[in-house]
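Understanding the architecture of this molecule
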Amino acid sequence: MSKAKLLVVEDDPNLGDILKEYLEMKGYEPTLCRDGEEGWNKFKKDKFDLCLLDIMMPKKDGFTLAKEIKKVQDDLPILFLTAKNQKDDIIEGLKIGADDYLTKPFSMEELLLRVNAILRRTQKSTEINQLKTYEFGGFKLHYDEQILEGPKGKNKLTSKENELLRILAAEMNKLVNRSHALKQIWGDDSYFNARSMDVYLSKIRKLLKDDPTVQIITVHGEGFKLIVSDN
């Protein structure tokens, strides 16, 4: 089995070296960059399984780098490393599509748990045997292709949008437990992941507006349902 390739972009030379050595010791293949510009150039030249990005960096900050990466490869998972613990940063990271967030100082054991959880989720999404197509209302979810086909054409989905919509479609008109969905897709039901799922649900709701018979309703304190009505 090949080693997972990690793009590590961290301007603190001591922390960067520690991260690289620790991740190598744990069986990963990290590529260390010292600023956002170098990180962007490395990303363009190689294929990675996960990005670990510092936020405050010279030449190009982590948010800007993440946006550029997502434009090219929207389903590449991103873990932000930051000295800040501000709500605005967490929201900004969620909007970009971050998978997780670690505030410095953090332990290497905690970092490893987060990295393992993200990679386990992304690998599971390609390994589990599921239906290839789900139909609901005027839509077809082509799961293997990550495409939602609707009354007004096709939309390419991110990996998390695809997984979340698959779970909803597989349980059409039934309650999907919030905690179960979080653990299945994100690895755990933390506050950060719950906020992240809300962002993705909002995106999916917008995609489903083309058919008024299809809607996602929230059952407060429990979860949500993909409802398909007769008319």
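Residues numbered from 1 in each chain as written. Predicted model: local features only at pLDDT ≥ 70, side-chain atom pairs only at ≥ 80, totals over all residues. Heavy atoms only, no water.

1. Some thoughts on the environment of lysine 174
The test is simple: Helix and strand assignments follow DSSP, with helices taken as H or I runs no shorter than four residues and strands as E runs no shorter than two, numbered in order from the N terminus. Contact criterion: two residues are considered in contact whenever any of their non-hydrogen atoms come within 4.5 Å of each other.
As for its position among the elements, lysine 174 is in the loop between helix H6 (159–170) and strand E10 (176–177). Setting aside residues up to four positions removed in sequence, lysine 174 forms contacts with Phe224 and Lys225.

2. Structural notes on the packing of aromatic side chains
In plain terms, the rule: Stacked, tilted and edge-to-face are the three classes applied to pairs of Phe, Tyr and Trp rings, where Trp contributes its six-membered ring and a pair requires centres within 6.5 Å; stacked means planes under 30 degrees apart, edge-to-face means over 60, and tilted covers the rest. Exposure classes here rest on a 1.4 Å probe applied to the protein chains alone. A residue is buried below 20% of its type maximum, exposed above 50%, and partly exposed in between.
Under the definition given, this model contains six aromatic pairs. A ring pair is formed by tryptophan 186 and tyrosine 200, whose centres lie 6.1 Å apart and whose planes are at 55°; its orientation type is tilted. Here tryptophan 186, found in the loop between helix H7 (178–185) and helix H8 (191–207), pairs with tyrosine 200, found in helix H8; they are 14 residues apart in sequence, far enough to count as distant. Residue tyrosine 200 is classed as buried on the basis of its relative accessible area, which comes to 3%.

3. What about the UniProt feature "modified residue: 4-aspartylphosphate" (unreviewed entry) in the protein chain?
The test is simple: UniProt positions are given in the numbering used here, feature names are shortened, and annotations may be inferred rather than shown by experiment.
The UniProt feature table records "modified residue: 4-aspartylphosphate" (unreviewed entry) at Asp54. Within the element layout of this structure, aspartate 54 appears in strand E3 (residues 50–54). Beyond its immediate stretch of four places on either side in the chain, aspartate 54 contacts Val9, Glu10, Asp11, Gly62, Leu81, Thr82 and Lys104.

4. Observations concerning the sheet that holds strand E12 (residues 223–228)
Put simply, the rule is: Strands are labelled as partners when DSSP assigns at least two bridges between them. Interaxial angle, 0 to 180 degrees, is taken between N-to-C directions of lines fitted to C-alpha atoms, where a helix line uses only the stretch in contact.
Reading across from one edge, E10-E12-E11 is the order of the three strands in this open sheet, with antiparallel pairing throughout. Edge strands, defined here as strands with exactly one partner in the open sheet, are E10 and strand E11 (214–219). Direction of pairing for E11 relative to E12: antiparallel, over a ladder of six bridges. Looking across to E12, one finds that glutamine 215 is bridged to isoleucine 227. Contacts from H6 reach E10, E11 and E12, with the element oriented near 65° to E12. Across the sheet, H8 lies against E11 and E12, angled at about 155° from E11, the strand it touches most.

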